[in-house]
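# Notes for the structure review
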Amino acid sequence: MPQVQIKNVVKHYHKGGQTIKPLDGVSVDIEQGEFVSLMGSSGTGKSTLLNAIASIDQPDSGTILIDGTDISSMSKTRLAKWRAANIGYIFQTHNLIPVLTAYENVEMPLLLLPMGRVERQKRIEIAMKAVDVLDRADHYPRQLSGGQEQRVGIARAIVANPKVVVADEPTGDLDPHTSDQILTLLKRLNQELGTTLLMVTHDLDAAMIADRQLNLVDGKMVKLTDAPSPGGR
């Protein structure tokens with residue numbers, strides 16, 4: 001059974017007397033450990049779908065199952081607890097808390113879980129070492145480069161050993177060299193940790209690093225390419 005099953009998901013908004021339907025019966029399956037990229041023109045619902053998978057937003061209809069759990073019908077209280085334990089989110093703008101150190105930013109998701117200090121410390125050190133920022137543990141975001149901030153954001157996303165990691169334009173604010181480094185890091189983490197990864201991107205070159213490329217067109221999911229993706233960049 002696919003780890004992520006999205007079935008006929010619909011989401012619409014009302015704006016200026018018009019109904020906008022960024023997701024119009026979206027269906028897709030994602031296997032455990034798969035790296036999938038999602039493209040589409042601006043406003044096509046890429047981030048909307050990502051937020052639905054991450055349980056930040058709920059669809060109007062349809063179902064989203066992760067490891068057989070239907071998250072589209074959970075209460076907000078249950079969703080918050082489930083999200084903390086099962087989903088990692090990598091933001092485009094890092095979203096680090098400026099008054100916290102890199103270590104404390106990475107620690108944030110673990111504070112929502114029933115876990116002792118020693119176990120938290122172990123997980124944080126493993127995550128920060130995995131993305132090569134352990135030597136920046138005591139630095140504040142203002143003391144980090146853009147690439148280092150994004151690495152801290154990735155460490156925060158993987159620290160709780162989530163079942164699924166979603167990334168919303170993770171290289172959108174980075175220069176080409178740093179973007180390549182972050183994409184290579186994401187590919188390595190996907191391969192070494194076996195983490196299921198769904199990445200939204202507007203960059204075709206970035207999308208091709210994934211195992212499979214999808215495209216949102218008029219609220220529907222289509223395959224972007226039938227060509228095999230390269231193993232790296």
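Keep in mind the model is a prediction, meaning the values are calculated, not measured.

## With respect to the overall build of the chain
When helices and strands are counted, the chain shows 7 helices and 10 strands. Relative to its length of 233 residues, the chain is compact, with a C-alpha radius of gyration of 17 Å against a globular reference of 17 Å. With respect to the principal axes defined by its C-alpha atoms, the chain has extents near 50 × 40 × 40 Å. For the chain, with 233 residues in total, the buried portion stands at 50%. Within the chain, one finds 25 positive and 27 negative side-chain charges whose respective centroids are separated by 6 Å.

## Some words on the pairing of strand β6 (residues 87-90)
Residues Ile87 and Tyr89 point to one face of β6 and Gly88 and Ile90 to the other, with burial holding for every one of them. Taken together, the 4 bridges between β6 and strand β7 (residues 164-168) define a ladder with parallel strand orientation. Following the sheet pairing, Gly88 is matched in β7 by Val165.

## Some details on the sheet that holds strand β4 (residues 61-66)
Taken in spatial order, the 4 strands of this open sheet run β2-β1-β4-β5, and their pairing is antiparallel. Only two strands of the sheet have a single partner each, and these edge strands are β2 (18-30) and β5 (69-70). When strand β1 (residues 4-15) meets β4, the two strands line up antiparallel, connected through 5 bridges. Within β4, the position partnered with Lys7 by the bridge is Thr63.

## Re the packing of helix α5 (residues 146-158) against helix α6 (residues 176-193)
Between α5 and α6, the least distance of the axes is 10 Å, while the angle of their chain directions is 20°. Taken together, the axes of α5 and α6 are roughly parallel relative to one another. Here α5 runs over α6; the crossing is right-handed. Touching Gly147, Gln150, Arg151, Ile154 and Ile158 of α5 are Thr178, Gln181, Ile182, Leu185, Leu186, Leu189 and Leu193, all from α6.

## Here's the deal with the pattern of salt bridges
Under the definition given, this model contains 10 salt bridges. Of the charged contacts in the structure, one is a salt bridge between Asp24 and Lys21, with a shortest N-O distance of 4.0 Å. What makes Lys21 partly exposed here is its relative accessible area of 40%. Look at the salt bridges and you will find they share partners, linking Lys11, Asp57 and Asp60 into a network.

## Concerning a nonpolar patch on the surface
On the surface, Ile97, Val99, Met108 and Leu111 cluster together to form a nonpolar patch covering roughly 350 Å² of accessible area. Mapped onto the elements, Val99 comes out in the loop between β6 and α3 (102-107).

## Details of the nonpolar core
Among the nonpolar cores identified, the biggest contains 36 residues, and Met128, Ile154 and Leu186 are the most heavily contacted of them. Elements with a contribution of two residues or more to this core: α3, α4 (117-130), α5, β7, α6 and β8 (196-200). Once you skip the residues sitting within four places of it in the chain, Met128 turns out to touch Ala102, Tyr103, Val106, Val133, Leu134, Ala137 and Ala155. Residues Leu23, Val36, Leu79 and Leu198 belong to the second largest nonpolar core, which totals 29 residues.

## Examining α5
Taking 1.5 Å per residue as the helical rise, α5 with its 13 residues ought to reach 18 Å, and the 19 Å between its terminal C-alpha atoms agrees with that figure. In terms of burial, α5 is largely enclosed, as 11 of its 13 residues are buried. Every buried residue of α5 is listed here: Gly147, Glu149, Gln150, Arg151, Val152, Gly153, Ile154, Ala155, Arg156, Ala157 and Ile158. Elements that come into contact with the buried residues of α5 comprise β6, α3, α4, β7 and α6.

## Observations regarding unusual backbone geometry
Despite not being glycine, Asn8 shows a phi value in the positive range, around 50°. Locating Asn8 in the fold gives a position in strand β1. One non-glycine residue, Glu169, adopts positive backbone phi at about 50°. In this structure, Glu169 sits in the loop between β7 and α6. Judged by relative accessible area, Glu169 falls into the buried class, the value being 11%.

## Notes on the confidence of the model for the chain
When pLDDT is low, close inspection of the predicted coordinates is not appropriate. Across the chain, the average pLDDT comes to 90, with 96% of residues at 70 or higher. When pLDDT is averaged over each helix and strand of the chain, the minimum, 82, is found for strand β10 (residues 220-223) and the maximum, 98, for α3. Scored below 50 in pLDDT, residues 226-233 makes 16 contacts in the model with residues more than four places away or belonging to other chains.

Cut-offs applied
Residues numbered from 1 in each chain as written. Predicted model: local features only at pLDDT ≥ 70, side-chain atom pairs only at ≥ 80, totals over all residues. Heavy atoms only, no water. Helix = DSSP H or I, 4+ residues; strand = E, 2+ residues; numbered from the N terminus. Rg over C-alpha atoms; globule rule 2.2 N^0.38 Å. Buried < 20%, exposed > 50% of the residue type's maximum accessible area, 1.4 Å probe, protein only. Lys, Arg positive; Asp, Glu negative; His and termini not counted. Charge placed at Lys NZ, Arg CZ, Asp CG, Glu CD. Pairing = 2+ DSSP bridges. Axes fitted to C-alpha atoms, helices over the stretch in contact; angles between N-to-C directions. Parallel < 35°, antiparallel > 145°, perpendicular 65-115°, else oblique. Left-handed = near helix turned anticlockwise from the far one by under 90°. Contact = heavy atoms within 4.5 Å. Salt bridge = Lys/Arg side-chain N within 4 Å of Asp/Glu carboxyl O. Patch = residues over 30% accessible without salt bridge, like charges linked within 9 Å, V, L, I, M, F, W, Y side chains within 5 Å. Areas by Shrake-Rupley, 256 points an atom, 1.4 Å probe, with all protein chains shown as cover. Core = buried A, V, L, I, M, F, W, Y, C linked by side-chain atoms within 4.5 Å. Expected span 1.5 Å × (residues − 1). pLDDT = per-residue confidence, 0-100.

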